[in-house]
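One-letter residues, chain by chain:
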Amino acid sequence: MTDASADRSADGHSRAKTSLLQLDVRTKKRNAAEARFKAYGVVAIAIGLFFLIALLTAIVSNGTRAFTQTFVTMDVTLDAQKLDPDGTGDPEVISKTTTFGYGGIIDAALEQTLAARGITTEIAVGDLDQMLSSGAAAEIRRAVLDDTSLVGQTVTFEVLASSRVDGYLKGRVTRESLARDRNLSPEHLDVVDALQEAGLVERRFNWAFITGSDASESRPEQAGIGVSMIGSFFMMLVVLVLSLPIGVATSIYLEEFAPQNRITDFIEVNISNLAAVPSIVFGILGLAIFIQVAHLPQSAPLVGGLVLTLMTLPTIIISTRASLKSVPPSIRDAALGVGASKMQSIFHHVLPLAMPGILTGTILGLAQALGETAPLLLIGMVGFIASNYPDGIAEGFLSPNSAMPAQIYEWAKRADPAYYERAWGGIIILLLFLMTMNIIAILLRRRFERRW
Amino acid sequence: MNDMRLIERAVDMNDIKISARNVQVYYGDTHAIKDVDVDIADKTVTAFIGPSGCGKSTFLRTLNRMNDTIASCRVEGKILIDQEDIYDPRVDPVQLRAKVGMVFQKPNPFPKSIYDNVAYGPKIHGLARSKADLDEIVEKALRRGAIWDEVKDRLQSPGTGLSGGQQQRLCIARAVATEPEVLLMDEPCSALDPIATAQVEELIDELRQSYSVVIVTHSMQQAARVSQKTAFFHLGNMVEYDETGKIFTNPEDPRTESYISGRIG
C-alpha cells in the first residue's frame, strides 16, 4: 500500500488534497454546462409553447366567428295574386313561380318592414334586397312549397343576411370598405343599424355551418361543412376497414413468420420508405390506378379512402411491428413451452399485449389520413360544390363528395373574405375531430395496457 | 399395438427416458454442442452444470426443440424420447412440447389470471371435457406446484401480481398442467431469493416421483442438493456424466474437478 502511494506521487499522478466543501474548477465547469443545457431545454419548450398558443389563439379568434351568422327577421306577405292567381292551391301551379319570381315579394316585404318601423332610406326599393342572402328567395319558396296553405298569408321569416351585412356585424366590413363595393352601399348599413336597433337583425349561432353543404362563391353565408364531413366519414370508414386488417396481417407475417432473407429485407426497407413518400404521390397513383385503370367514379369517397389506405398502411405496419417487437420474448417462450402452436402463441398472447400499440398506431394513422389534402386534389375531391347529402350508404361511397380538409382548402382559395373566415371555422371542426381521435387513442391505450 | 407396449415396458425396465446420440448443435458457423451422448433416466433429477456459455442451456433446449425458433440454429445427431426420434420430420414440435414441459430462467407467467395461466395448456390440448374437469386439473397442477394454498382464494387475480418465487412455482404448475412426461428447467432459481429457492428445490424433489426432470443450474450446491445424476459441460463438450455423488466427490476428469473446486468457470 505504501509502495503504491509512493509510486503514484513519484509519477506526479497523485491528487492534491482538496476540501469537499469547495468546488474545484472542473466541477464548476461541469455544473455550468449542465445548467446551460437545462436552460436551452426550457427556452426550446417556451418557444414551442409560444407558437402553440399563438396558433390556437389565431384559430379560435378567427374561426369562432364562422359559427355565428346574421339573420334578418321580416314579415313576408305571400301574395296569392302572384303565386297562385287562380286560387287552385295546386302545388304544380305554385311551383311554377321560380326563385326569381319571389324577388318582388321580398322587396315588398322589406319595404313594408321598414315602413312599419318608420325607417327611411334613399335606396331604391329594388335594391334593398342586397342586404339579404341571394338564397333568401329560395328559402321562402321552399317553405311555400312545403306548405302551400301559406299562400295568401303574411308569414314571419328569418332569412340569412348577405355576407357583407354579416361581415359588418362581425366588424369585417366597414363603410369605407364599401365605398367601391357593387354589392352593398354604405346607405344599406344605415338601414341595418336601424333594423338592428329594432331587433330585426340579429347575429346568432348558426347550426347550418356545421350541418350544411357548401354554397356557390357568391353566397358564403350559406356554406357549411356538413356534407364534406360525411365525405370524410365514408373515407375514414374505407381506410379503417381496409388498412387495419391488411396492416396488422402484414406486420404479423413479417414480424413473426417471414423468413429473414433478401426479399423480406427489401420489403421492409420499402415499407419504411413508403412512410416517407409525399402524399401527393399516392394521389397520382390513385388517379392512375383507381380512376384511369379501374374506372372507379371520380371524386368519390371510396377512391379517396383507397388512396388514403395506401398512405396509411406504412404507418400502421411500422407501429404494429414496433409494438409486436416490444412484447417480451419470454411470453412467446412461455406459450411455446406449454405446447402452443406459433399461431396460438401470437393470437392468444402476443397480439393482446401488442394491442394498445396497434390501436394507437391505427388511430394516429387515421388522424393523419383525416387531415390529408394533397392526394384528394388529384382524384378530384375538391374544386366542385359538395351541395347534396348522399342518398344512402352506397351513394355515400360512390357519389362525388369532398372531405373536410379539401373543403377548407377550397374555401381558403375563394376570393370573398367571408370564405376565409369559414376556412378558419372549418379548421376548428377538423381539429376537434383530430383531438377526439387522439383522446380515444389515449383512452384505448390505457384500457388495454397490461403489465407483465 | 402389442409391439408398442413391449417397447414401453422395455423403457420402463431400462428406466431410460431420453437418450441422445452424437448430438451436434450449430448457431450459424459456431459449433455450440459437440458430440454429446447422454442417457437420461425416468423419475430422476438430472442436473447440467458448467460455466457460462458451455452449452448446457442450448442442449436443454434441443430436448423440446425450443431451438427451432432460432433461425440460425441447426441440430445434428439423434435425440430419442421413448425410443422415438424427436427430430424425425414427422414430429410436430407442438406435440412434442406438450410431452416435454419447460420452466424458464425468468418467471414468465402470462399477463392473465392465475387460473388462466394454468388452464391455458390443458385448454389448447383439449385435456378438459368440462369446466369442472378443468377446475380439477388446475387445482391438481397448483397443488403439484406447491402453490395451491397460497393462491386458492385469488385464482382470478393476475399471475403477474405474485412474488418472484410464487410466479416461478406458478410456471411450474403451468408446465405440469399439460401432464408432460419430461420437465426441463433452465436455471429455475437464478432469479429467486434463498427462501423461494428452497421451496422450488423441495418441489423439484417431489416432482421426481412422476417425471423425468432435467435441470440446468449455475449453482453446484443446488445440483448437489436436488439431483441424482449430474452432467458437466465445458466448451460445448459433455465432459463427464455420472451419479451426482460421484461427480462431486470423486470426478474422473481433471476439468470437472477444477470446476467443482472453483478453479475454472
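As the structure is a prediction and not an experimental result, all values here were calculated from the model.

## Describing the overall build of chain A
What chain A contains, in helices and strands, is 19 helices and three strands. Relative to the compact-globule value of 22 Å for 452 residues, chain A shows a C-alpha radius of gyration of 33 Å, a clear excess of over 25%. Viewed in the frame of its principal axes, chain A has a C-alpha envelope of about 125 × 65 × 35 Å. Counting every position in chain A, which comprises 452 residues, the buried fraction comes to 43%. Sequence separation of 24 or more characterises 77% of the internal contacts of chain A that already satisfy a separation of 6 or more. Summed over all atoms, the accessible surface of chain A reaches about 24,100 Å², with 62% contributed by carbon and sulfur. Positive and negative side-chain charges in chain A, numbering 37 and 43 respectively, have mean positions lying 17 Å apart.

## Some points on the environment of leucine 324 of chain A
All names here are of chain A. Positionally, leucine 324 belongs in helix H13 (residues 301-325). Taking the C-alpha atoms as reference points, leucine 324 and arginine 117, separated by 207 residues in sequence, lie 73 Å from one another. With near-sequence residues (within four places) excluded, leucine 324 lies in contact with Ser251, Ile252, Glu255, Glu256, Arg332, Val350, Leu351 and Ala354.

## Focus: helix H5 (residues 131-144) of chain B
Residues and elements named next belong to chain B. Its 14 residues give H5 an end-to-end C-alpha distance of 20 Å, which sits within 8% of 20 Å, the value for a rise of 1.5 Å per residue. Among the residues of H5, those classed as buried are Asp133, Leu134, Ile137, Val138, Ala141 and Leu142. Looking straight down H5, one finds that the buried residues subtend no more than 165 degrees of arc, so they occupy a single side. Away from its buried face, by an angle of more than 90 degrees, H5 presents the exposed residues Ala132 and Glu136. Looking at the buried side of H5, the elements it contacts are helix H4 (114-125), helix H6 (148-151) and helix H7 (164-177). Positive phi shows up at alanine 146, right after H5, with a value of about 55 degrees.

## Looking at a positive patch on the surface
Together, Arg15, Arg26, Lys29 and Arg30 of chain A make up a region of like positive charge exposed at the surface. Along the chain, arginine 15 of chain A turns up in the loop between helix H1 (2-11) and helix H2 (25-63).

## Looking at the sheet that holds strand S3 (residues 201-205) of chain A
Residues and elements named next belong to chain A. The strand order S2-S1-S3 describes an open sheet built from three strands, whose pairing is antiparallel. Across the chains shown, the open sheet's two edge strands, defined by having one partner strand only, are strand S2 (154-160) and S3. Going from strand to strand, the sheet's axes swing by 35 degrees on average, the running direction of each strand aside. As paired strands, strand S1 (residues 68-77) and S2 are joined by seven bridges and run antiparallel to one another. Bridge pairing in S2 links methionine 74 to phenylalanine 157. Each of S1 and S2 is contacted by helix H6 (residues 136-146), which is oriented at about 140 degrees to S2, the strand it contacts most.

## Some thoughts on the environment of glycine 121 of chain B
All names here are of chain B. Counting through the fold element by element, glycine 121 comes out in helix H4. On the basis of relative accessibility, which here comes to 0%, the residue glycine 121 falls in the buried class. Between the alpha carbons of glycine 121 and arginine 174 there is a distance of 7.2 Å; along the sequence they are 53 residues apart.

## Focus: a nonpolar patch on the surface
A cluster of nonpolar side chains, Ile45, Leu49, Leu52, Ile53, Leu55 and Leu56 of chain A, forms an exposed patch at the surface whose accessible area comes to about 570 Å². Position of isoleucine 45 of chain A among the secondary structure elements: in helix H2.

## Brief notes about the side chain of serine 279 of chain A
Residues and elements named next belong to chain A. Relative to the assigned elements, serine 279 resides in helix H12 (residues 279-293). Given the relative accessible area of 15%, serine 279 is considered buried. Excluding its chain neighbours within four sequence positions, the residues that come into contact with serine 279 are Met311, Glu372, Ala374 and Pro375.

## Details of the packing of H4 of chain B against H5 of chain B
Residue and element names in this part refer to chain B. Here H4 crosses H5 at 110 degrees, and the two axes come no closer than 9 Å. With respect to H5, the axis of H4 lies roughly perpendicular. Crossing handedness for the pair H4 and H5: right-handed. Each of Ile114, Tyr115, Val118, Ala119, Pro122 and Lys123 in H4 lies in contact with H5, whose residues at this interface are Lys131, Leu134, Asp135, Ile137, Val138, Ala141 and Leu142. Partitioned by chemical class, the residues of the contact of H4 with H5 number 10 nonpolar, no polar and three charged.

Procedures and definitions
- Residues numbered from 1 in each chain as written.
- Chains lettered and ligands numbered in written order.
- Predicted model: local features only at pLDDT ≥ 70, side-chain atom pairs only at ≥ 80, totals over all residues.
- Heavy atoms only, no water.
- Helix = DSSP H or I, 4+ residues; strand = E, 2+ residues; numbered from the N terminus.
- Rg over C-alpha atoms; globule rule 2.2 N^0.38 Å.
- Buried < 20%, exposed > 50% of the residue type's maximum accessible area, 1.4 Å probe, protein only.
- Contact = heavy atoms within 4.5 Å.
- Areas by Shrake-Rupley, 256 points an atom, 1.4 Å probe, with all protein chains shown as cover.
- Lys, Arg positive; Asp, Glu negative; His and termini not counted.
- Charge placed at Lys NZ, Arg CZ, Asp CG, Glu CD.
- Expected span 1.5 Å × (residues − 1).
- Arc of directions from axis to C-beta.
- Patch = residues over 30% accessible without salt bridge, like charges linked within 9 Å, V, L, I, M, F, W, Y side chains within 5 Å.
- Salt bridge = Lys/Arg side-chain N within 4 Å of Asp/Glu carboxyl O.
- Pairing = 2+ DSSP bridges.
- Axes fitted to C-alpha atoms, helices over the stretch in contact; angles between N-to-C directions.
- Parallel < 35°, antiparallel > 145°, perpendicular 65-115°, else oblique.
- Left-handed = near helix turned anticlockwise from the far one by under 90°.
- Nonpolar A, V, L, I, M, F, W, Y, C, P; charged D, E, K, R; others polar.

These values are about where atoms sit, not about what they do.
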